[in-house]
Amino acid sequence: MPLFVQNKILGRITSSADLFDKFPYLQDNGRAFRSRSLVEVDPKCLLYVQQREFAATTPADQSVSVIGSDDATTCHLVVLRHTGSGAVCLAHCDGSNTWTEVSVLVKAVTTLNGSKEGKLELHLVGGFNDDSKTSHELSFNILAAFHMQKEDIHLETCCITELNDTIVDGIHRPVVYGIGVNVKTGEVFPSLFSHKGPAEQLRSTRTFTGGKMVDIYDSSRGLVKIGPCKWSSNLDVAFWLSQKDDTILKYLSTSPMAEPPHFVQHMKSTIQFFLEHSDCDSLFPGGQPQLYHRAETGSWERVDQP
């Protein structure tokens, strides 16, 4: 079944501008969303989702109150929630395999929902008026992919591309870089996160080396699950550690002028981790994933495999 906006079928659209022209509600709602103040989230209740990851849970979760992600420039942040059960999923999509990823996200929420009555609501935030139009292409593909799902899905928030764009010192950049969703209430809000764990560098390296979209959370056990990951040793990437910031931005970012200030350091730490762990099998003894649970202190703590 198709995507709906205010109970009206989305129909054929040619661009995000066309979408906003046909549905002024989305434009008004998107403007209201981008004007909201950032919400500060306590790391002790946060499950952070990195690029090319997703996590899903329900309001009954005792370990997670907020799922969040940020550092999205051309990437898009997707929240899908069922109004009946409150089952919710947040994903950080970069366009690597959009059509497959959207189907996986829908399945994650419908599986947690069971057979409860209600509707699926979609919130889409990200992208801006980048020169290469990468944001516009991704927006269009995500909307098209949701439009092709067999479930009825209702688009509630759409703060994307030109609606999420601002100009600072003559440079286009996103207004909203990050969002969170309260898994208890379903509220979606702008936010930024200083804590991006657990296993931040490992997860970043997985994405850097071409890892596909992956589910990082087992809500039935309250466990973050990382890997096992596979990558090949490549000492040539050490080249980047000696390069100037501008060079790293130019070649390792889809939007060099719009990245957050910590982008270059993040890339260097990821490359350093990759070089120090060329044998990735050593990170996953017995071929088992790394598991983390919420400790009494509120931090994510690694759990030994049985």
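Everything below is about the structure printed above this text.
Below or above, wherever it landed, is the structure these notes cover. (Residues numbered from 1 in each chain as written. Predicted model: local features only at pLDDT ≥ 70, side-chain atom pairs only at ≥ 80, totals over all residues. Heavy atoms only, no water.)

### Overview of the pattern of salt bridges
As a reminder, the rule being used: Any Lys or Arg side-chain nitrogen located within 4 Å of an Asp or Glu carboxyl oxygen qualifies as a salt bridge. Starting at the N terminus, helices and strands are each numbered in turn, a helix being any DSSP run of H or I of at least four residues and a strand any DSSP run of E of at least two. Throughout this description, buried means an accessible area under 20% of the type-specific maximum (1.4 Å probe, protein chains only), exposed means over 50%, and partly exposed covers the range between.
Going through the model one piece at a time under the given rule, you end up with 10 salt bridges. Two residues, Glu53 and Arg203, come together in a salt bridge whose shortest N-O distance is 2.7 Å. A residue pair is termed long-range when its members are at least 10 positions apart, and Glu53 in strand S4 (residues 53-57) and Arg203 in helix H5 (residues 200-208) qualify at 150 residues. A salt bridge links Asp281 to Lys230, with the shortest nitrogen-to-oxygen separation between them at 2.8 Å. In this pair, Asp281 sits in the loop between helix H7 (263-276) and strand S17 (290-294) while Lys230 sits in the loop between strand S16 (223-226) and helix H6 (245-252), placing the two residues 51 residues apart along the sequence. Judged by its relative accessible area of 42%, Asp281 is partly exposed. For Lys230, a relative accessible area of 63% corresponds to the exposed category. In the salt-bridge network here, residues are joined through shared partners; they are Asp70, Asp71 and Lys196.

### Brief notes about the sheet that holds strand S12 (residues 179-182)
Note the cut-off: A strand pair is defined by DSSP finding two or more bridges across the two strands. Axes here mean lines fitted to C-alpha atoms, for a helix over just the part in contact, with angles spanning 0 to 180 degrees between N-to-C directions.
If you trace the four strands from one edge of the open sheet to the other, you get S3-S5-S12-S13, paired in mixed fashion. A strand with exactly one partner marks an edge of an open sheet, and here the two such strands are strand S3 (46-48) and strand S13 (188-190). Adjacent strand axes in the sheet meet at a mean angle of 25 degrees when their direction is disregarded. Here strand S5 (residues 66-69) runs beside S12; their pairing, made up of four bridges, is antiparallel. Directly across from Ser69, in S12, lies its bridge partner Ile179.

### Side note on the pairing of S17
Most of S17 sits inside the fold, with four of its five residues counted as buried. Bridging between S16 and S17 involves four bridges; their strand directions are antiparallel. Note on S17: the bridge partner recorded for Val224 is Tyr292. Where S17 meets strand S18 (residues 300-303), four bridges bridge the pair, whose relative direction is antiparallel. Directly across from His293, in S18, lies its bridge partner Glu301. Connecting the antiparallel pair S17 and S18 is a turn made up of five residues, with Gly298 showing a positive phi of about 100 degrees.

### Description of helix H2 (residues 24-34)
Using the following cut-off: It is the directions from the helix axis to the C-beta atoms that the arc portrays. Here, residues are in contact when the closest pair of their heavy atoms is within 4.5 Å.
Taken together, the buried positions of H2 are occupied by Leu26, Gly30 and Phe33. Buried residues of H2, viewed axially, fall in a sector of 60 degrees; they line one side. In this structure, the buried residues of H2 make contact with strand S1 (3-5), helix H1 (16-22), strand S8 (120-126), strand S9 (153-160), S12 and S13.

### Details of the nonpolar core
Operational definition: As used in this record, nonpolar core signifies buried Ala, Val, Leu, Ile, Met, Phe, Trp, Tyr and Cys residues forming a set joined through side-chain atoms within 4.5 Å.
Counting 42 residues, the largest nonpolar core has Leu47, Ile67, Ile179, Leu202, Tyr217 and Trp231 as its most contacted members. Residue assignment for this core shows that the elements contributing at least two residues are strand S6 (76-82), strand S7 (88-93), S12, S16, H6 and H7. Element by element, the count of residues in this core is highest for H7, at seven residues. Residues contacting Tyr217, with those up to four places away along its chain left out, are Leu47, Ala55, Ala56, Thr57, Asp61, Ser63, Val64, Gly222, Leu223, Val224 and Trp300.

### Notes on the environment of Ser233
On the secondary structure map, Ser233 appears in the loop between S16 and H6. Relative accessible area serves as the criterion here: at 47%, Ser233 is assigned to the partly exposed category. In this structure, the C-alpha to C-alpha distance between Ser233 and Thr166, residues 67 residues apart in sequence, is 40 Å. Excluding its chain neighbours within four sequence positions, the residues that come into contact with Ser233 are Phe274 and Ser278.

Purely geometric numbers; function is a separate question.
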